[in-house]
Amino acid sequence: MSPPTPSPAKVAIVTGASSGIGAAIARRLGHDGHAVIVNYAGNAAEAEEVAESITATGGRALTVRADVSRPDEVKALFDAAEKAFGPVGILVNNAGRAIRREISAFTDDEFEAVIKTNLFGAFHAMREAAARLEAGGRIVNISMSFQGAPIPGYGVYFASKAGIEEMTRVLARELGSRGITVNAVRPGPTRTNCSSTARHPRCCSILRARSRSGGSANRRTSPPASHSWSGRRADGSPAKRSARTAVTGDGRRRGGNGEESHSGDRRRHRLRAPRGRD
């Protein structure tokens, strides 16, 4: 078998990259040689820290404020990326919002806030990426580990993530002919600002059960396998994959215990959450 062909560094946009999983992904992409747009909505200081951690080691990074729930700001986000580094090759949809409340107590404003950030935000970014990504580009949508578990208080949040996963499946087919892969990642149990404000005892027990191989619901933030699906490292070496990731979309990828997914021209697309080992 011939050795893999080195892939040039790409320009990556990571939404919600000022902290948590987004920050870890941004740092990893920068470490792998990609130019990174560190997107944030509110905390400029944290976003600058992430960018500085990339540039301090010789990488390229720029912070850009944009509310992903607003299509005009998402367009401006891509404009800023292209102006600074050139055509965008990677999009990581990580920005999210969680409010834990039973459906009967959810207000219209709270519902709108969650759906606008999670579902509308991902849609705006995917739509912009579909029009702008260069051939061979990568779109990675961050989902959630306990998707599909009927946990009281998470109905609206689950609905927003389910919508993202379904759009992922469809967009993978729509962009497959251009060599653009679209995947959804269910990261392993990770403590973030978002999960800390929406933590539920049952969620923690489910996450622990699904990561018996060594993880816990309170493990520190580390990048999921998003960097694996963004292509090879700038030097052409393969990126390490996570054992706690389920993936859907195109590219015949396999997450840890997740079911293999297939390319856009295949007939079947499945996403199964990782299960803990007995």
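Rules of the game
Residues numbered from 1 in each chain as written. Predicted model: local features only at pLDDT ≥ 70, side-chain atom pairs only at ≥ 80, totals over all residues. Heavy atoms only, no water. Axes fitted to C-alpha atoms, helices over the stretch in contact; angles between N-to-C directions. Helix = DSSP H or I, 4+ residues; strand = E, 2+ residues; numbered from the N terminus. Parallel < 35°, antiparallel > 145°, perpendicular 65-115°, else oblique. Contact = heavy atoms within 4.5 Å. Nonpolar A, V, L, I, M, F, W, Y, C, P; charged D, E, K, R; others polar. Expected span 1.5 Å × (residues − 1). Buried < 20%, exposed > 50% of the residue type's maximum accessible area, 1.4 Å probe, protein only. Arc of directions from axis to C-beta. Core = buried A, V, L, I, M, F, W, Y, C linked by side-chain atoms within 4.5 Å. Polar contact = N/O pair within 3.5 Å; in protein donor to acceptor, adjacent residues only side chain to side chain. Pairing = 2+ DSSP bridges. Right-handed = clockwise from strand over helix to strand, strands pointing away. pLDDT = per-residue confidence, 0-100.

Notes on the packing of helix α4 (residues 108–132) against helix α5 (residues 155–175)
Move 1: One can describe the packing of α4 onto α5 by two numbers: an axis separation of 9 Å at closest approach and a directional angle of 10 degrees. Here α4 lies roughly parallel to α5, going by the angle between them. Here Phe111, Val114, Ile115, Asn118, Leu119, Ala122, Phe123, Met126 and Ala130 of α4 lie close against α5, whose contacting residues are Val156, Tyr157, Ser160, Gly163, Ile164, Met167, Leu171 and Leu175.
Move 2: Residue composition of the contact of α4 with α5, grouped by class: 14 nonpolar, three polar and no charged.

Side note on helix α3 (residues 71–85)
Move 1: With 15 residues, α3 should cover 21 Å at 1.5 Å per step; its first-to-last C-alpha distance of 21 Å lies within 8% of that length.
Move 2: Residues of α3 that are buried: Glu73, Val74, Leu77, Phe78 and Ala81. For α3, the arc enclosing every buried residue in end-on projection is 145 degrees, short of the 170-degree limit, so these residues lie on one face.
Move 3: Against β1 (11–14), β2 (35–40), β3 (61–65), β4 (90–93) and α4 lie the buried residues of α3.
Move 4: One or two steps after α3, the chain reaches glycine 86, where phi turns positive at roughly 115 degrees.

Looking at the environment of valine 74
Move 1: Relative to the elements of secondary structure, valine 74 occurs in helix α3.
Move 2: A C-alpha to C-alpha distance of 10.0 Å links valine 74 and asparagine 39, two positions 35 residues apart in sequence.

As for the nonpolar core
Move 1: Among the nonpolar cores identified, the biggest contains 27 residues, and Ile13, Phe78 and Ile139 are the most heavily contacted of them.
Move 2: Among the secondary structure elements, those contributing two or more residues to this core are β1, β2, α3, α4 and α5.
Move 3: Of the residues forming this core, the biggest block, five residues, is contributed by α4.
Move 4: With sequence-adjacent residues up to four places away left out, isoleucine 139 is seen in contact with Leu91, Met126, Ala129, Leu133, Leu171, Leu175, Thr181, Val182 and Asn183.

Remarks on the side chain of arginine 132
Move 1: Mapped onto the fold, arginine 132 is located in helix α4.
Move 2: The class of arginine 132 is buried, set by a relative accessible area of 18%.
Move 3: Side chain to side chain, arginine 132 and aspartate 79 meet in a polar contact 2.8 Å long.
Move 4: In this structure the side chain of arginine 132 is engaged in a polar contact, spanning 3.2 Å, whose partner is the side chain of glutamate 82.
Move 5: Apart from the residues lying within four places of it in its own chain, the contact partners of arginine 132 are Lys75, Phe78, Asp79, Glu82 and Val88.

Notes on α5
Move 1: The terminal C-alpha atoms of α5, which comprises 21 residues, lie 30 Å apart, in line with the 30 Å expected from a rise of 1.5 Å per residue.
Move 2: For α5, the complete set of buried residues consists of Val156, Tyr157, Phe158, Ser160, Lys161, Ile164, Glu165, Thr168, Arg169, Leu171, Ala172 and Leu175.

Overview of the pairing of β3
Move 1: Alignment of β2 against β3, held across five bridges, turns out to be parallel. Paired with valine 36 across the strands is alanine 61, a residue of β3.
Move 2: The parallel pair β2 and β3, bridged by helix α2 (residues 44–55), forms a crossover whose chirality is right-handed.

Remarks on the confidence of the model for the chain
Move 1: Confidence in the prediction for the chain averages 76 pLDDT; 63% of positions are at 70 or higher.
Move 2: Within the model, the stretch residues 213–229 combines pLDDT values under 50 with 61 contacts to residues more than four positions away or in other chains.
Move 3: Contacts for the low-pLDDT stretch residues 232–278, under 50 throughout, to residues beyond four places or in other chains number 147 contacts.

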